[in-house]
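# Examination of the molecular architecture
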Amino acid sequence: MRVGMGYDVHKLVENRDLILGGIKIPFEKGLLGHSDADVLLHAIMDALLGAAALGDIGKHFPDTDDKYKGASSIELLKQVGKRLDDECYMIENIDATIIAQKPKMREYIADMEKNIAEALGIEKNQVNVKATTEEGLGFTGTGEGISSQAICAVSSMYDHMSENLAQSGCSSCKGCSRQHN
């Protein structure tokens, strides 16, 4: 099993939609960024890519590339999920925290979890999203921005195959003379 950690932060500004977890949240400000600036999904993508040793979102979706200008982070998350699938990684779980003084997130969290699970093709019970304030401290506490942290666990399909083979009497796939289906 591998573990990845992600973090993202964006400044709150006027005349932008506030998108978190793929949900448009009614608020007088939104997050400034090249894409839709969804800090929650950006932190999750970085955690997933990190767990699989595949770099970070800046490597895959650079903010210098105009094709990602205004991009939906849900669509980018789907691409990260496909990349993990291509590399034979399975997502075990995701745990993420949104750090914002305002707005309150509680009523949106279930939909955020649903969006994340659907985008990655995993079960909703593999995704946990929380929100907290910083009691008025720091840039998030004063309402200058919103940040998010995420951690995830992934496992390689090859790890599962080796475990299953070991349980069936095979000590290793590498150099094994048995035929496996």
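Please refer to the structure placed before this passage.
Residues numbered from 1 in each chain as written. Predicted model: local features only at pLDDT ≥ 70, side-chain atom pairs only at ≥ 80, totals over all residues. Heavy atoms only, no water.

## Focus: a nonpolar patch on the surface
Where we set the bar: Patch rule: a residue counts if its relative accessible area is over 30% and it has no salt bridge; like charges are joined within 9 Å, and nonpolar side chains (Val, Leu, Ile, Met, Phe, Trp, Tyr) within 5 Å. Computed by Shrake-Rupley with a 1.4 Å probe, the accessible areas treat only the displayed protein chains as cover when residues are assessed. Should a side-chain nitrogen of Lys or Arg be within 4 Å of a carboxyl oxygen of Asp or Glu, the pair is scored as a salt bridge. In this description a helix means any DSSP run of H or I spanning at least four residues, a strand means any run of E spanning at least two, and both kinds are numbered starting from the N terminus. Any residue under 20% of the maximum accessible area for its type is buried, any over 50% is exposed, and the rest in between are partly exposed; the area is computed with a 1.4 Å probe on protein chains only.
Residues Val3, Met5, Tyr7, Val9, Phe139 and Ile151 make up a contiguous nonpolar surface patch of about 540 Å² in total accessible area. Looking at which element gives the most residues to the nonpolar patch, the answer is strand β1 (residues 2-13), with 4 residues. By the secondary structure assignment, Val9 is in strand β1. The exposure class of Val9 is partly exposed, given its relative accessible area of 33%.

## So, the layout of surface pockets
In plain terms, the rule: Buriedness of a pocket was judged along seven lines, with at least five required to meet protein on both sides within 12 Å; pockets are open sets of points on a 1 Å grid over the protein atoms alone, cavities are sets where a 1.4 Å probe fits but cannot get out, and lining residues have an atom within 4 Å of a point. Grid points are joined across faces, edges and corners, and a volume is the space filled by probe spheres set on the points. Under the scheme applied, nonpolar residues are Ala, Val, Leu, Ile, Met, Phe, Trp, Tyr, Cys and Pro; charged residues are Asp, Glu, Lys and Arg; polar residues are all the others, including Gly.
Empty space within the largest pocket amounts to approximately 230 Å³. When residues of the lining of the largest pocket are traced back to their parent elements, those giving at least two are β1 and α2 (57-60). The space that makes up the second largest pocket amounts to roughly 170 Å³. In terms of lining, the second largest pocket is formed by Ile98, Ala100, Gln101, Pro103, Lys104, Met105, Arg106, Ile109, Ala131, Thr132 and Thr133. Here the lining of the second largest pocket is composed, by residue class, of 6 nonpolar, 3 polar and 2 charged.

## Topic: the side chain of Ser148
The condition is simple: Under this definition, polar contacts are N or O atom pairs within 3.5 Å; protein pairs additionally need one hydrogen-donor-capable and one acceptor-capable atom, and for neighbouring residues in sequence, both atoms have to be side-chain atoms. Contacts between residues were defined by any pair of non-hydrogen atoms, one from each residue, lying within 4.5 Å.
Tracing the backbone through its elements, the reader meets Ser148 in strand β7 (residues 145-156). Side-chain polar atoms of Ser148 contact the backbone oxygen of Thr97, separated by 2.9 Å. Beyond its immediate sequence surroundings of up to four residues, Ser148 is in contact with Gly6, Tyr7, Asp8, Val39, Leu40, Ala43, Thr97 and Ile98.

## Here's the deal with the side chain of His10
Summarising the element assignment, His10 is placed in strand β1. In this structure the side chain of His10 is engaged in a polar contact, spanning 3.0 Å, whose partner is the side chain of Asp8. A distance of 2.7 Å separates the side chain of His10 from the backbone oxygen of Leu32, its partner in a polar contact. Leave out the neighbours within four places in its chain, and His10 touches Leu31, Leu32, Gly33, Ala37, Val39, His42, Gly145 and Ile146.

## Here we look at the pairing of β1
Moving residue by residue along a regular strand, the side chains alternate between the two faces of the sheet. Here is the rule: Paired strands are those between which DSSP finds at least two bridges.
Where β1 lies against β7, 10 bridges are found, and the strand directions are antiparallel. Paired with Asp8 across the two strands is Ser148, which belongs to β7.

## So, the environment of Gln126
By the element assignment, Gln126 lies in the loop between α4 (109-120) and β6 (127-132). Gln126 sits 33 residues away from Asn93 along the chain, and the two C-alpha atoms are 4.5 Å apart. There is a polar contact of 2.8 Å between the side chain of Gln126 and the backbone nitrogen of Glu123.

## Brief notes about the pattern of salt bridges
All told, the structure shown has 7 salt bridges when counted by the stated rule. With a shortest N-O distance of 3.6 Å, Arg83 and Glu87 are connected by a salt bridge. Note on Arg83: relative accessible area 31%, which makes it partly exposed. For Glu87, a relative accessible area of 35% puts it in the partly exposed group.

## Considerations on helix α1 (residues 39-51)
Our working definition: Take the residue count of a helix, subtract one, and multiply by 1.5 Å to get its expected span.
Here α1 spans 18 Å end to end across 13 residues, near enough to the 18 Å set by a 1.5 Å rise per residue. Among the 13 residues in α1, 12 count as buried, and that is most of the element. Looking only at α1, the buried set comprises Val39, Leu40, Leu41, His42, Ala43, Ile44, Met45, Asp46, Ala47, Leu48, Leu49 and Ala51. Directly after α1, the chain includes Ala53, whose backbone phi takes a positive value near 55 degrees.

## A few points about the nonpolar core
What tends to happen in soluble globular proteins is that the nonpolar side chains get buried as a cluster. We apply this condition: Put simply, buried Ala, Val, Leu, Ile, Met, Phe, Trp, Tyr and Cys residues joined by side-chain atoms within 4.5 Å make one nonpolar core.
Judged by nonpolar contacts, the single largest core of 49 residues is most densely connected at Leu20, Ile44, Leu48, Met112 and Ile116. For this core, the secondary-structure elements that each account for two or more residues are β2 (18-20), β3 (23-25), α1, α3 (73-86), β5 (89-99), α4, β6 and β7. Looking at this core element by element, the count peaks at 10 residues for α1.

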